[in-house]
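Structural features, examined
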Amino acid sequence: DKHAEVRESCIGLLASLGPEVIESTGVQMILCLAEQDKEWSVRKRAAAASAELGAEAIGSVGVDILVRAVREDSNLGVRAAAAGTLGKLGAEAVGSEAVLAVTRRADEDQSEEVRRSLAAALGSFGVEAIGAHGVEVLMDLAEKDSALQVRLDAIAVIGKLGPKVTSVSSPS
């Protein structure tokens, strides 16, 4: 459809039906829209819908699309939604490459909204998955980020990760 709102509504409908009902064709359509739609709002909705579908349904292709969105999408809403989805899917489901991409992007994204989503995703992945570098990135966000809300979110994430944060040491 030529109207972004219709495409967004279709994505929402398909995601609400679940992967068992829409099968691989519906999942592939959502992933295609997540990567290729010209409208940022459609790409954002498709990225968020991927979390509703789950890691098994979107597979490694879907995870790769989300990682590319985090790294490369020009729209901050799409990057934030993709980061949020990766966090919801979890480190085990998305794999170490996706965790590394989120960690690296948290250190460099210019958008406050995206850095907040990336910090939350790192927290969802857990200390074991993000390792010393991820903990260091969270600490830097908490101490040095220019945006107050990013610092507060990073502090909250560190608090949720708990004492394990102190047991992770940076390689010498």
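So, here's what we can say about the structure. (Residues numbered from 1 in each chain as written. Predicted model: local features only at pLDDT ≥ 70, side-chain atom pairs only at ≥ 80, totals over all residues. Heavy atoms only, no water.)

What to know about the overall build of the protein
- For the protein, the helix and strand inventory stands at 11 helices and zero strands.
- Along the longest, intermediate and shortest principal axes, the C-alpha atoms of the protein span 50 × 30 × 25 Å.
- A buried classification covers 49% of the 172 residues belonging to the protein.
- The contacts of the protein with a sequence gap of at least 6 include a subset with a gap of at least 24, amounting to 61%.
- For the protein, the separation between the mean place of its 18 positive charges and that of its 26 negative charges on side chains is 4 Å. (Helix = DSSP H or I, 4+ residues; strand = E, 2+ residues; numbered from the N terminus. Buried < 20%, exposed > 50% of the residue type's maximum accessible area, 1.4 Å probe, protein only. Contact = heavy atoms within 4.5 Å. Lys, Arg positive; Asp, Glu negative; His and termini not counted. Charge placed at Lys NZ, Arg CZ, Asp CG, Glu CD.)

Here we look at a nonpolar patch on the surface
- Judged by side-chain polarity, Leu13, Leu17 and Val21 come together as a nonpolar surface patch covering roughly 280 Å² of accessible area.
- By secondary structure assignment, the location of Leu13 is in helix α1 (residues 4-17). (Patch = residues over 30% accessible without salt bridge, like charges linked within 9 Å, V, L, I, M, F, W, Y side chains within 5 Å. Areas by Shrake-Rupley, 256 points an atom, 1.4 Å probe, with all protein chains shown as cover. Salt bridge = Lys/Arg side-chain N within 4 Å of Asp/Glu carboxyl O.)

Observations concerning helix α4 (residues 55-72)
- Helix length check: α4 (18 residues) gives 21 Å between terminal C-alpha atoms against 26 Å at 1.5 Å per residue, more than 12% under.
- Maximal helix bending in α4 amounts to about 65°, located at Val61.
- Lining the buried residues of α4 we find α2 (19-36), α3 (40-53), α5 (76-89), α6 (91-94), α7 (96-106) and α8 (112-125). (Expected span 1.5 Å × (residues − 1). Bend = angle between axes of the 7 residues up to and from the residue.)

Remarks on the environment of His3
- Position of His3 relative to the elements: it lies in the segment before α1.
- Exposure remark for His3: the relative accessible area of 41% places this residue in the partly exposed category.
- In this structure the C-alpha to C-alpha distance between His3 and Lys160, which are 157 residues apart in sequence, comes to 41 Å.

Details of the nonpolar core
- If you look at the biggest cluster of nonpolar residues, it comprises 56 residues, and the most contacted ones within it are Leu86 and Phe125.
- Setting aside chain neighbours within four positions, we find Leu86 in contact with Val63, Leu66, Val67, Val70, Val94, Ala98, Val102 and Phe125. (Core = buried A, V, L, I, M, F, W, Y, C linked by side-chain atoms within 4.5 Å.)

As for the side chain of Asn75
- Mapped onto the elements, Asn75 comes out in the loop between α4 and α5.
- Polar contacts involving the side chain of Asn75 include one to the main-chain amide nitrogen of Gly77, which spans 2.7 Å. (Polar contact = N/O pair within 3.5 Å; in protein donor to acceptor, adjacent residues only side chain to side chain.)

A closer look at unusual backbone geometry
- The phi torsion at Glu23 lies on the positive side, around 60°, for a residue other than glycine.
- Summarising the element assignment, Glu23 is placed in helix α2.
- Residue Glu23 is classed as exposed on the basis of its relative accessible area, which comes to 54%.

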